[in-house]
Amino acid sequence: MYAIIDIEATGGSPKRDKITEVAIYRYDGEKVVDTFSTLINPEIEIPPFISRLTGITDDMVAEAPKFEEVAERILELTKDAVFVAHNVQFDYSYMKAEFKRLGHEFERKKLCTVILSKQILPDVESYSLGNICQELGIPIENRHRAKGDAKATVELFKLLVDKDEFNCIYDNIHDVDLYKNLPPNLEGKVLATLPEETGVYYFHNAIGKVIFVGKSVDIRRRVYQHIINNISTKGKRWQMLVKTHNISFQETGSELIAQLLESYEIKRLRPNYNKAQRARRFNYGIFKYQEEDGYLQIEVRKLKSGERPIAAFSKEEYALKILKARMEQYKLCPHFCGVKGKGKSKKTKEGACENVKRSLCNGACLGKEKVAAYNRRARKAFKDLEYPASNLFIIGEGRVYPNKSVVYVEDSTLVGWGYFEADFIKEENYELIKEKIIQMPYNYDADKLVRTYIDKNKLDEIIKLGNVNQVPVNSG
């Protein structure tokens, strides 16, 4: 039995966006035996560009059922059926996310008509739904609407069934290619236990030692990729798989915590096949501090144990290159950047720096530029290397809905993380949350991961806490 599905959503991220329309055709291999389609109220605004693409507006979904109201019907139609869609990972990930918000796991075998089309119809020019249907003469009514796209996918799937001379559909459902090419010491039942969730996974050798650590937003899928991508190469990665006798995992819920846990575990366990990641050493740092006269001082120096630079590098030349480039871009004075002498403000007594003559310094070295104006520019020059606040919580997805993860930064240094009930994360409990955070040893790599994540990620909530001993303020 197959459940041929199409969904429309408010955007491209299942963790942030919601389903606005769903259509399901239950197909027994010969005929459609049941159908269901409906608009869904996503309970969030639909972006204008999505409305232009799909034609679905906020007004259209205002009186539509919420996902929880149709969840039972979706479970009924997909029960004991293979989940089929064109680019299945998109539709499937949204369905999983919606059920997870309701506190339920949704797991079905999957089939992708894009992959099947490439295997069964290798001469087709384009495999997008619109193009392949046009080439094959399959009509699509209401393109980019769930019912129209799902109905067209039904017709495409029927054609694929008719032309499937080499049992590609069966092989894809049962992962035949994967299982017949499994590494010799790894049993299929181990793969079957892997979750389709975010977290960290561990490859173990014959005596249980961890030889590789990885992370993924879909652990099972990523492990499958390791095997499929290395079956034919017989290279270093395949040798790693040959030595793998078992695979364990830790679910994290949060993508950020998966990245951090991977980094910590590689440094702790020192797996043989993570040598590139475990070998990083940071010997020099860029430091920022303030002298008595108020001007910010920036300098490069060798790292000492326990120091917390705003950026760290393996070689001094890398740090100096960054410093000099930003000095020039933001017109920072060499006297205050450690490029000449020790970078102390007393150097101003020796007169103007050479950059004054080149108009690359506004005269801070001569006292002509006010402290406040200079320091604003100096802070801006290195803002991207620092946290948005010295003390903050990053609130992300938990391992079990509706719990949340909390990553805690104090004094511009990552402290650790923990998991809490969503209702517990409120101002009066901030001090309790700090006490319950699982603390991790200092790791500059981890701080860098967190800062990069904050810059790129728009889903997690950032709560700026102000000074550690002050009452926190929610700026999320």
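Above this note sits the structure.
A quick note: this is a predicted structure, and the numbers were derived from the prediction, not measured.

1. Looking at the nonpolar core
Y2, V22, F67, I74, M95, L111 and F157 are the most contacted members of the largest nonpolar core, which has 52 residues in total. Examining the composition of this core, we find that seven residues originate from one element, helix α7 (residues 146–163), more than from any other. L111 has contacts with Y2, V82, F83, V84, A85, V88, L116, F157, I169, N172 and I173, leaving out every residue within four places of it along the chain. Of all hydrophobic cores here, the second largest spans 27 residues; its members include L296, C333, F336 and F382.

2. Some remarks on the packing of helix α5 (residues 113–120) against α7
Across the interface, α5 lies against α7 with an axial gap of 11 Å and an inter-helix angle of 35 degrees. As for how α5 packs across α7, the hand of that crossing is left-handed. Residues T113, L116, S117 and I120 of α5 lie in contact with α7, whose contacting residues are T153, L156, F157, L160 and K163. By residue class, the composition of the contact of α5 with α7 is five nonpolar, three polar and one charged.

3. Some thoughts on the environment of E21
On the secondary structure map, E21 appears in strand β2 (residues 19–27). As for E21 and T38, which are separated by 17 residues in sequence, their C-alpha atoms are 5.8 Å apart. With residues near it in sequence (within four places) discarded, E21 still touches D6, I7, E8, T38, L39, I40, I56, R145 and A146. Here R145 takes part through its side chain, which lies 2.8 Å from a polar atom of the side chain of E21.

What counts and how
Once a new chain begins, its residue numbering starts again from 1 and follows that chain's sequence as written. Per-residue local features of the predicted model are confined to residues with pLDDT of at least 70, and side-chain atom pairs are confined, for both listing and counting, to 80 or more; whole-chain, interface and lining totals are unaffected and use all residues. As a rule here, side-chain values cover all heavy atoms of the structure and leave hydrogens and water aside. Throughout this description, the term nonpolar core refers to a set of buried Ala, Val, Leu, Ile, Met, Phe, Trp, Tyr and Cys residues connected via side-chain atoms within 4.5 Å. Only protein chains enter the accessibility calculation, which uses a 1.4 Å probe; a residue whose area is less than 20% of its type maximum is buried, one above 50% is exposed, and one in between is partly exposed. Only DSSP runs of H or I covering at least 4 residues are called helices, and only runs of E covering at least 2 are called strands; the numbering of each starts at the N terminus. Here, two residues are considered to be in contact whenever any of their heavy atoms come within 4.5 Å of each other. Where helices are involved, their axes are fitted lines through C-alpha atoms of the stretch in contact, as for all axes, and angles between N-to-C directions lie from 0 to 180°. Left-handed is the label given to a crossing in which the near helix is rotated counterclockwise from the far helix by less than a right angle, and right-handed is the label when the rotation is clockwise. Lys, Arg, Asp and Glu make up the charged group, whereas Ala, Val, Leu, Ile, Met, Phe, Trp, Tyr, Cys and Pro make up the nonpolar group; the residues left over, Gly among them, are polar. The term polar contact refers here to a pair of N or O atoms within 3.5 Å; inside protein, the definition further demands a hydrogen-donor-capable atom paired with an acceptor-capable atom, and it admits residues adjacent in sequence only when both atoms are side-chain atoms.

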